[in-house]
Every structure is written in C-alpha cells, then in structure tokens.
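Inside the fold
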Amino acid sequence: MKSKITGGDTELLFTAKVLQKHDVKYYICKETGFIQTEEPYWLDEAYSSAITKLDVGLVNRNLLLADIANDLIIKFFNYRGVFLDNAGGYGLFTRLMRDKGFDFYSSDKYCQNLFAEYFDLNSLPQGTHFEMVTAFEVFEHLTNPVDEIKQIYQFSDNMLFTTELQPDAPSDLKNWPYIATETGQHIAFYNIPSLQYLAKLYGCNFYTNGKSVHLFTKKPLSEDPFGPKKRDPFLLRKARKYVKRMEEKNEIKLDSLIWPDWQLIKDKLNG
C-alpha cells in the first residue's frame, strides 16, 4: 500500500479490530512515519452518527480551543476579519467565538449546526476568503489527506487545527486511545515529520505546541505562537493571561455578537 502523504512505500504496522468486527490493517509511511489504515470500507457504518458517543470531551475541548484561537488571532492575525470553522459539528465553537466578538461561521456536511444557526458557510457570498479557517479534530478522519487538506486550505492562507500526535514509543501505538477502533472514524495519524511534509507541500509555515494544536500559515510569524513546548497541551492558562494583557495594553475590546446575532435571527424568524 502506498503512503497517502508521500505516495511512497509503507509497511504493515499492526492489525486491529474496528467497530468490534472488522480486522483492519494499519500501515506506516517509511519516509515520514505517517500512519494510515487500509482503504476504509467501513466508513458508512462508522458515520451512522456524526458525533460519536465516545466524544465526551467535546464541550471542554471547544471551550479550551476558543481561548487558544482568541489568543492567536488577536496577536498574529486580523481579528476584525471573517473566520470559518470547517467541519464545525453542532456549531458550538462558532457560537463561542461569536460570543467573544469574532465574525465566525460554521461548515459541516455531516452534522446539523444547532448552536450557530444562520451563521453557516452557505450564508456568505460564494468565494468568500477567510482570515483563518479552523479545522479541529478533522485531519484524523481524512481518507485522502493531501487533497482534502488542500481543499480546506483554499478557504484561507491560515489554518489552525488539532490532531493528536503519535506517541513517542512505537510499542504504544496499538493501544493508543486515539486509534479509536470502537468508532472507526479515525483513519489517519500524524507525527511532526508528516505535518512538516504537508506544510512544505502547501508552501506554508508550520507551528505546533508539540502535542495536539497546530498552525499552517503562509504568513511567517515573528515568534512561535505556541511558545515553550512544555506548557499545558492546550495552553489555557497562558492564553487567558496573554489575552488579558493584550486587551489592557492595546485596548482591544471586542463587542460580543450575541445581541446583533439575536436581532438578525429574530428578523429572519419574523421575515
């Protein structure tokens, strides 16, 4: 089987039982260490529910990522721009970011936008280019990562995304919880070299917190946005302190979009 990152050779790493019934082979790219399953014939079954029952960290993850995105956007990007949360699920992250004052929209072909209705990609003019696109817990679901990530990247020159990096010890891979054989939705697994390879392929700079949060950007940044790599994986405390300092120093006072959004939705309903 050829690597879906480089097109080069792979070797069989292990076999695991997916959805408690399918014996699935996992292969490792010899050049980058990227891990992929065999062709995922079980995905229709795996996506019978868009959000898996095991994703009990969904709410906490969105709260943490909203703080991180707040930090990065204010420091390095145009916080007055328009933003897109790709594969945004129920729209929770979009709602959180709009509550903070950022003009975010959501897009997800598998899941209904419950929390940020009326703020979908299809409510914007076709061809809208975004200051940043976010893609949280997306990369590990991609059947053809090179092409699918390229499609996401066409929305913006900047992509903030999450995917757990492989554990350091190869012996831990088969028992790594992120393999998530119970759900069958995780079929692609990255390490630093494979993400560096993709960044080079798309002609962008790559930054990472060394665990789960990463940034592709065409813009060379003045410093590593994630700072020292021994921080908390989600940088929560540092992010909050930094945002508070930035707001005090630069008087960045974004007005929440809760009430303008409320009025917009009310007008549509009374329409």
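Residues numbered from 1 in each chain as written. Predicted model: local features only at pLDDT ≥ 70, side-chain atom pairs only at ≥ 80, totals over all residues. Heavy atoms only, no water.

In this section: the sheet that holds strand S6 (residues 132–136). Spatial ordering of the open sheet is given by S5-S4-S6-S7-S10-S9, a layout of six strands whose pairing is mixed. The open sheet has two edge strands, strand S5 (103–107) and strand S9 (205–208), and neither has a second partner. When strand polarity is set aside, the average angle formed by the axes of neighbouring strands in this sheet is 20°. Pairing of strand S4 (residues 82–86) with S5, which is carried by five bridges, proceeds in the parallel orientation. Note on S5: the bridge partner recorded for Asn86 is Ser107. This element, helix H2 (residues 58–76), spans S4, S5, S6, strand S7 (158–162) and strand S10 (213–217) of the sheet and lies at about 155° to S7. Across the sheet, helix H4 (residues 145–153) is in contact with S4, S6, S7 and S10; its angle to S7 comes to roughly 125°. (Pairing = 2+ DSSP bridges. Helix = DSSP H or I, 4+ residues; strand = E, 2+ residues; numbered from the N terminus. Axes fitted to C-alpha atoms, helices over the stretch in contact; angles between N-to-C directions. Contact = heavy atoms within 4.5 Å.)

Once that is clear, we can look at the packing of aromatic side chains. A ring pair, where both rings are aromatic, is described by two values, the distance of the centres and the angle of the planes. Overall, the coordinates contain 20 aromatic pairs when judged by the stated rule. Measuring from ring centre to ring centre gives 6.1 Å for Tyr105 and Phe119, while their planes differ by 55°; the resulting arrangement is tilted. Pair noted here: Tyr105 is in strand S5 and Phe119 is in the loop between S5 and S6, with a separation of 14 residues, a long-range link. Of the two residues, Tyr105 and Phe119, both sit in the buried class. (Phe/Tyr/Trp six-rings, centres within 6.5 Å; stacked < 30°, edge-to-face > 60°. Buried < 20%, exposed > 50% of the residue type's maximum accessible area, 1.4 Å probe, protein only.)

This part is about the environment of Leu160. Assignment of secondary structure puts Leu160 in strand S7. Separated by 56 residues in sequence, Leu160 and Phe216 place their C-alpha atoms 6.5 Å apart. With residues up to four places along the chain from it excluded, the contact list for Leu160 reads Ala69, Leu72, Met132, Val133, Thr134, Ala135, Phe136, Val213, His214, Leu215 and Phe226.

Glycine aside, residues mostly have negative phi, and peptide bonds are mostly found in the trans state. At Gln20, a position not held by glycine, the phi torsion is positive, near 65°. Relative to the helices and strands, Gln20 is located in the loop between strand S1 (10–18) and strand S2 (22–29). Of note in this structure, Ala87 is not a glycine but carries a positive phi near 55°. Relative to the helices and strands, Ala87 resides in the loop between S4 and helix H3 (92–100).

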